[in-house]
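# Observations on the model geometry
Next come the chains, spelled out residue by residue.
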Amino acid sequence: MQIRFTIRRRGFASALCFLLAWSAIVVGGEAAKDETPIKVSHAPKQPKSGERVVITVETQRPLKTESLVLQYQVVDPGNYIDLRAPAYATDWKEAALSSAVRATSAASRTAFKAELPPELQTNRRLIRYRIFSTESKAVVAPDAKDTQPNFAYFVYDGIPEWRGAVNPKGTGPEKKVVTFDQKVMRSLQAYHLIAERRAVENVTWHDPKGFMNPAGSEYEYTGTLVAEGAVYDHVRFRARGGQWRHATGKNMWKIDFLKGHRLEARDNWGRKYPKKWDKLNLSGCIQQADYGMRGEQGMLDAVSFRLFNLAGVEAPHTHWVQFRIVDAPEETPDDQYRGDFWGLYLAIENVDDQFIETHDLPDGNLYKMDFNGPEPKHLAADAPDDRADVLQFMRDLRRNPNVDWWRTHVDLPRYYSYRSILESVHHYDIMMGKNYYYFRPTATKRWQVIPWDVDLTWSDRAYGNGEEPFKQAGLLRCEPLTAEYQSRLIEIRDLLFNAEQTGALIDEYAAVIGDLNGGRSFVEADRAKWDFHPIMSSRYIRPGKSGPGYFYGNSPTGDFRGMAQLMKQYVAHRGEWIDRTLLADASIPATPVIAPAGPLDASAPSWKLRLARPAAAQKVKWRLAEITDTKNPPNPTRLPGKYEIDALWQAEGGAVGDIPTRRLEKGHTYRIRARVQNGAGSWSHWSAPEQITVR
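Being a predicted model, the structure only gives us computed values, none of them experimental.

### Looking at the overall build of the protein
- When helices and strands are tallied, the protein shows 14 helices and 31 strands.
- Counting the 695 residues in the protein, one finds 55% classified as buried.
- Contacts spanning at least 24 positions in sequence make up 71% of the contacts within the protein whose residues lie at least 6 apart.
- Surface accessibility of the protein: about 29,600 Å² in total, with carbon and sulfur atoms responsible for 49%.

### A look at the packing of helix H12 (residues 501-513) against helix H14 (residues 560-581)
- Taken N-terminus to C-terminus, the directions of H12 and H14 make an angle of 160°; their axes are 10 Å apart at the nearest point. Judged by the angle between their axes, H12 and H14 are roughly antiparallel. Remark: the crossing between H12 and H14 carries right-handed chirality. Taking contact as the criterion, the partners of Thr502, Gly503, Ile506, Asp507, Ala510 and Ile513 in H12 are, on H14, Phe560, Ala564, Met567, Lys568 and Val571.

### Notes on the packing of aromatic side chains
- A complete count under the given rule lists 35 aromatic pairs for this structure.
- Each ring, one from Phe237 and one from Trp253, has its centre 5.6 Å from the other, and the planes form 45°; the classification is tilted. Separated by 16 residues along the polypeptide, Phe237 in strand E16 (residues 230-239) and Trp253 in strand E17 (residues 253-256) bring together distant segments of the chain. Here Phe237 and Trp253 have matching classes, each one buried.
- Cluster of aromatic residues (ring-pair linked, three or more members): Phe308, Tyr367, Phe393, Trp405, Trp406, Tyr415, Tyr418, Tyr436, Tyr438, Trp447 and Phe470.

### Some words on the sheet that holds strand E22 (residues 373-378)
- Overall, antiparallel pairing links the four strands, which are arranged E22-E21-E23-E24 in an open sheet. The open sheet terminates on both sides in strands that have one partner only, identified here as E22 and strand E24 (448-451). Mean inter-strand twist for the sheet, computed between neighbouring axes without regard to direction, equals 30°.
- Of the strands in this sheet, strand E21 (364-370), E22 and strand E23 (436-441) are in contact with helix H7 (residues 388-397), which crosses E23 at around 110°.

### Section: empty space enclosed by the protein
- Scanning the entire structure with this criterion turns up one cavity of 30 Å³ or more.
- There is about 30 Å³ of room inside the largest cavity.
- Trp277, Asp278, Lys279, Glu349, Asn350, Asp352, Gln354 and Phe355 are the residues that line the largest cavity.
- Tallied by class, the residues present in the lining of the largest cavity amount to two nonpolar, two polar and four charged.

### Some details on a nonpolar patch on the surface
- Where nonpolar side chains cluster on the molecular surface, the patch consists of Phe371, Met432 and Tyr463 and spans about 290 Å² of accessible area.
- The topology assignment puts Tyr463 in the loop between E24 and helix H10 (469-472).

### Concerning unusual backbone geometry
- A cis amide bond links Ala43 with the next residue in sequence, Pro44, at an omega value of 0°.
- Residues Glu479 and Pro480 are joined by a peptide bond in cis, for which omega reads 5°.
- Structurally, the position occupied by Pro480 is in the loop between H10 and helix H11 (481-495).
- At Phe371, a residue that is not glycine, the phi angle is positive and equals roughly 55°.
- Structurally, the position occupied by Phe371 is in the loop between E21 and E22.
- Backbone geometry places Asp453, a non-glycine residue, at a positive phi of 55°.

### Here's the deal with H7
- Within H7 the residues assigned to the buried category are Asp389, Val390, Phe393, Met394, Asp396 and Leu397. For H7, the angular spread of the buried residues around the axis is 160°, confining them to a single face.
- Those residues of H7 hidden inside the fold are in contact with E21, E22, helix H8 (403-409), E23 and H10.

### Remarks on the pairing of E16
- With eight of 10 residues buried, E16 is to be regarded as a mostly interior element.
- Here E16 pairs with E17 via four bridges, running antiparallel. By the bridge assignment, Phe237 is partnered in E17 with Ile255.

### Observations regarding the side chain of Asn678
- Counting through the fold element by element, Asn678 comes out in the loop between strand E30 (669-677) and strand E31 (690-693).
- Engagement of the side chain of Asn678 in a polar contact is seen with the backbone nitrogen of Ser682, the distance being 3.0 Å.
- Not counting residues up to four positions away in its chain, the partners in contact with Asn678 are Ser587, Pro589 and Gln618.

### Structural notes on helix H5 (residues 299-310)
- Its 12 residues give H5 an end-to-end C-alpha distance of 16 Å, which sits within 8% of 16 Å, the value for a rise of 1.5 Å per residue.
- Most of H5 is tucked away, with 11 of its 12 residues classed as buried.
- Turning to H5, its buried residues number three or more, namely Met299, Leu300, Asp301, Ala302, Val303, Ser304, Phe305, Arg306, Leu307, Phe308 and Leu310.
- Looking at the residues trailing H5, positive phi occurs at Gly312, about 90°.

### Things to note about the environment of Asn465
- Structurally, Asn465 can be placed in the loop between E24 and H10.
- A relative accessible area of 39% places Asn465 in the partly exposed class.
- Spatially, the C-alpha atoms of Asn465 and Ile430 are 7.8 Å apart, while their sequence positions differ by 35 residues.
- Ignoring sequence-local partners within four residues, the contact set of Asn465 consists of Tyr428 and Met431.
- At 3.0 Å, the side chain of Asn465 forms a polar contact with the backbone nitrogen of Glu467.

### Brief notes about the pattern of salt bridges
- Counted under the stated rule, the structure contains 42 salt bridges.
- One salt bridge connects Glu264 with Lys272, and the closest N-O pair in it is separated by 3.5 Å.
- With a relative accessible area of 45%, Lys272 lands in the partly exposed category.
- Across the pair Lys377 and Glu375 runs a salt bridge whose closest N-O atoms are separated by 3.1 Å.
- Salt bridges linked by common partners bring Arg419, Glu423, Asp460, Glu468 and Arg574 together as one network.

### Focus on the sheet that holds strand E28 (residues 647-653)
- Strand order in the open sheet formed by four strands is E28-E27-E30-E31, and the pairing between neighbours is antiparallel. The open sheet is flanked by E28 and E31, the only strands paired with a single partner. Pairs of neighbouring strands in the sheet enclose a mean axial angle of 15°, with direction left out of account.
- Contacts between H11 and the sheet are confined to strand E27 (619-627) and E30, with E30 contributing the most and set at about 150° to the helix.

### Section: the confidence of the model for the protein
- Here the protein shows a mean pLDDT of 90. Residues at 70 or above account for 89%.
- In the predicted structure, residues 1-36 sits below a pLDDT of 50 and forms 91 contacts with residues beyond four places in sequence or in another chain.

Rules of the game
Residues numbered from 1 in each chain as written. Predicted model: local features only at pLDDT ≥ 70, side-chain atom pairs only at ≥ 80, totals over all residues. Heavy atoms only, no water. Helix = DSSP H or I, 4+ residues; strand = E, 2+ residues; numbered from the N terminus. Buried < 20%, exposed > 50% of the residue type's maximum accessible area, 1.4 Å probe, protein only. Contact = heavy atoms within 4.5 Å. Areas by Shrake-Rupley, 256 points an atom, 1.4 Å probe, with all protein chains shown as cover. Axes fitted to C-alpha atoms, helices over the stretch in contact; angles between N-to-C directions. Parallel < 35°, antiparallel > 145°, perpendicular 65-115°, else oblique. Left-handed = near helix turned anticlockwise from the far one by under 90°. Phe/Tyr/Trp six-rings, centres within 6.5 Å; stacked < 30°, edge-to-face > 60°. Pairing = 2+ DSSP bridges. 1 Å grid on protein atoms, 1.4 Å probe; cavity = no way out; pocket = protein on both sides within 12 Å on 5 of 7 lines; lining within 4 Å. Points joined across faces, edges and corners; volume = space filled by probe spheres on them. Nonpolar A, V, L, I, M, F, W, Y, C, P; charged D, E, K, R; others polar. Patch = residues over 30% accessible without salt bridge, like charges linked within 9 Å, V, L, I, M, F, W, Y side chains within 5 Å. Salt bridge = Lys/Arg side-chain N within 4 Å of Asp/Glu carboxyl O. Arc of directions from axis to C-beta. Polar contact = N/O pair within 3.5 Å; in protein donor to acceptor, adjacent residues only side chain to side chain. Expected span 1.5 Å × (residues − 1). pLDDT = per-residue confidence, 0-100.

Encoded structure:
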């Protein structure tokens, strides 16, 4: 951990004056003009048991430490000290700071330090620390303006193996205790939450307000989150969800980070997101039992949101984490239902200010829709806060808008993509004016929809009828908008929502948490933790929505691999329904056939292809895209795949297409397709692809 302080350039006589002059905190940034930086750090970042920890403060000015001490607070597992508890104010010990030491570097920095001894470092112990003035009787670092009143580190020896049975009280194979070794248990990034047991159990199970307490935004509890060794102290947390938030036993969490101490999250492939997160949404990865999909382990959410993003609809990013909760002295007791291991959860990006920046959206007004009540989540600079724009938009939707109104007020290309994915995955739980956001960029003033809460999907039985406000207002019945939407839906079917492309996406995500070849994996550990957890037989779940033994109930193979198969089967089933119901239009032109007009030489500046079958076409579009050949991927690293919907190049042309080759790479696989438009303005399906691997 490194924390940078700044002080104004002015004279002072003592280290106390020096520290009291600190006026800002900058994490990982540049110091302001005319300010001298001070860097405070501890090493190692996440110590192990028995390691010595050195805390260092550096500056370019000399320091005197006669009136300054390091204070530290020991928080043992199972004995969490909440920020509001009396013990937080009183339980601090002191360690001396060393005399100032002149560094020998060219920068001529001055440093002082304190050492915390090896015996202080024990596994799962949280150590908080701060700089205190014995003269003023006040904390002088962190700065008083910092929302986090102390620094901290977490002592940890690494995730151990875990042992559990699917049903310890059952019979047959389900009673067998399985050891999940460190390779399995460390296959996912881990988030540790350190908190009081009472707070943890109230949030997840027996909330004193009642387990069916309706949705609320109150954060009643605080704790400490640790991710990648970084400590986010004094975070607030609560349960997530609406009327079913306490229904399944393994419930959802929402964690709120302090201002200036946002979570630096990483995706499934270890890449940092462009912006840090203010809030962390954790899905329990456990379906409501009555929909028959328990055991999909968050795949419905993760794949659905990825499909929206691939189609050009900004949607939350997701990644799986192992959630571990430190609320008791033992990390792995004999009782498999106790201890730190809490199971598999899906982290879902919050739709807020950071979402707008992460997805490169322009500034605008963002509203969460909840039963048709718009709640502002971000307002553009100088925008009024009376919701006038969204309320007027909602009124206009009820007035039978015409084509010109739609083109002026709605981002139609994004809506066509949104509606196409919505139909593909059966995201129909939107009919009551909920589970989506409205966003209106200041520059274009054209509204767009951002999807949310996509867990009840991938089944024709899933709740809802899909009647969202744009459809209800007649957009899809309004020519020529109907044909434009149909054209985009054809593209989604040809290039994305089909057995090959979405099937590869399902396999890509399933491989993050499971092993489709039958090896032991993390999803099995999660099942052992939760399928017959005692909470599933308690009064703290909703009968019908949960209960013991529901995992893999509909899986054709009785395991996670079968749940992935169910999703692939749904792609085939739903795709046929779309073709039969939404794309059965005689006006759609015949699909063209293409062929090379000559050798496809990657060293040439372009490839030429032609329409092999004569077509009476008003326009011809050609496209080039890279795909990941799942049988021969271009490199062995674990990275997200390339999908055909994401074009490298696309342009209108004639019967002969001139395809540029300047962006092609050796060992990578590409597809070329064409589509035609008839005189009535309707576009065909894309041709069967010409596929080339560059050698």
